[in-house]
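As a plain string of letters, each chain reads:
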Amino acid sequence: MRFTINGSKREADPDIRASLLDVLREEFALTGTKKGCDHGQCGACTVLVNGRRINACLTLAVMHQDDDILTIEGLGSADALHPMQAAFVRHDGYQCGYCTPGQICSAVGMLDEVAKGWPSHVTDDLSAPALDDAEISERMSGNICRCSAYPNIVDAIRDVHAQEQEA
């Protein structure tokens, strides 16, 4: 199978029943994407596929042949953090850090959805979704932080959103 992972063409020959999460971790040693519940309930395995956030534990790798897959490792580096990674550091948006890669990938995908004007279930004005508390809570509801760093995660998201609005 062929994949584009973090901008690089990659090949693997995993079991066709393997989840995208397992292939990323076991075949490509991309262990930043975490295995939490393995049932799609915690969001620790969130990655971006063709720009859309998905739970990598719920999808078969074979379904994503030739797709563009972005993991936490591809968002930034230690020398050049992605704005969301930098905001999580600034706002202490992590405690134990286990959920952080999924939270960051989900937040990046969520802000892209907002920028495209896609409404959520709680969007009042369908012509211009606002990023208020209800929107952030709804859009990030698939990502659980067992340490309850939610206020700091929300602050990080707001920070990056404000930066994007200024640009």
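Keep in mind the model is a prediction, meaning the values are calculated, not measured.

Caption draft 1: Inspection of the environment of Arg90 at higher detail. Considering the arrangement of structural elements, one finds Arg90 in helix α3 (residues 83-90). Separated by 65 residues in the primary sequence, Arg90 and Asp155 have C-alpha atoms spaced 9.5 Å apart. Side chain to side chain, Arg90 and Asp159 meet in a polar contact 2.8 Å long.

Caption draft 2: Representation of the state of the cysteines. Counted according to the given criterion, the structure contains 0 disulfides. As a non-bridged cysteine, Cys96 has Cys147 as the owner of its nearest cysteine sulfur, 3.7 Å distant. Free cysteine: Cys105, not disulfide-bonded; nearest cysteine sulfur from Cys45 at 10 Å.

Caption draft 3: View of the environment of Tyr94. When you line up the elements, Tyr94 lands in the loop between α3 and α4 (100-115). What makes Tyr94 partly exposed here is its relative accessible area of 32%. Considered as a pair, Tyr94 and Cys145 are 51 residues apart in the sequence and their alpha carbons are 8.4 Å apart. Setting aside its immediate chain neighbours within four residues, Tyr94 contacts Phe88, Val89, Thr100 and Ala149.

Caption draft 4: Summary view of the packing of aromatic side chains. Within this structure, the stated rule accounts for 1 aromatic pair. Arranged with centres 6.0 Å apart and planes meeting at 80°, the rings of Phe3 and Phe28 form a pair that is edge-to-face. With a gap of 25 residues between them, Phe3 in strand β1 (residues 2-5) and Phe28 in the loop between α1 (20-27) and β3 (46-49) connect regions that are remote in the sequence. Phe28 sits in the buried class, given a relative accessible area of 8%.

Caption draft 5: Here's a closer look at the sheet that holds strand β5 (residues 68-70). Spatial strand order, β2-β1-β5-β3-β4: 5 strands in an open sheet with mixed pairing. Of all the strands in the sheet, the pair left with one neighbour each is β2 (8-11) and β4 (52-55). Within the sheet, the average angular offset between the axes of one strand and its neighbour, ignoring direction, is 40°. For β1 and β5, the ladder comprises 2 bridges, and the chain directions are parallel. Considered in β5, the bridge of Thr4 is made with Asp68.

Caption draft 6: Quick peek at the side chain of Asp159. Position of Asp159 relative to the elements: it lies in helix α6 (residues 150-166). On the accessibility criterion, Asp159 (19% relative accessible area) is buried. Here Asp159 is in contact with Ala87, Arg90 and His91, once residues within four sequence places are set aside.

Caption draft 7: The arrangement of unusual backbone geometry in detail. With a phi angle near 55°, Asn6 is a residue other than glycine that sits in the positive phi range. Position of Asn6 relative to the elements: it lies in the loop between β1 and β2. Backbone geometry at Ala29 places phi at a positive 55°, although glycine is not the residue there. With respect to the helices and strands, the residue Ala29 is situated in the loop between α1 and β3.

Caption draft 8: Up close: α6. Its 17 residues give α6 an end-to-end C-alpha distance of 24 Å, which sits within 8% of 24 Å, the value for a rise of 1.5 Å per residue. All of the buried residues along α6 are Ile153, Ala156, Ile157, Asp159, Val160 and His161.

Caption draft 9: How the structure looks around the pattern of salt bridges. Applying the stated criterion to the full structure yields 10 salt bridges. Here Arg2 ties to Asp66 by a salt bridge, and the two come within 3.1 Å at their closest N and O atoms. With a gap of 64 residues between them, Arg2 in strand β1 and Asp66 in the loop between β4 and β5 connect regions that are remote in the sequence. Since its relative accessible area comes to 43%, Arg2 is described here as partly exposed. Where Arg90 meets Asp159, a salt bridge forms, and the shortest distance between an N and an O atom there is 2.8 Å. Residue Arg90 is located in helix α3, and its partner Asp159 is located in helix α6; the two are separated by 69 residues in the primary sequence.

So, how was this worked out
- Residues numbered from 1 in each chain as written.
- Predicted model: local features only at pLDDT ≥ 70, side-chain atom pairs only at ≥ 80, totals over all residues.
- Heavy atoms only, no water.
- Helix = DSSP H or I, 4+ residues; strand = E, 2+ residues; numbered from the N terminus.
- Polar contact = N/O pair within 3.5 Å; in protein donor to acceptor, adjacent residues only side chain to side chain.
- Disulfide = S-S within 2.5 Å.
- Buried < 20%, exposed > 50% of the residue type's maximum accessible area, 1.4 Å probe, protein only.
- Contact = heavy atoms within 4.5 Å.
- Phe/Tyr/Trp six-rings, centres within 6.5 Å; stacked < 30°, edge-to-face > 60°.
- Pairing = 2+ DSSP bridges.
- Axes fitted to C-alpha atoms, helices over the stretch in contact; angles between N-to-C directions.
- Expected span 1.5 Å × (residues − 1).
- Salt bridge = Lys/Arg side-chain N within 4 Å of Asp/Glu carboxyl O.

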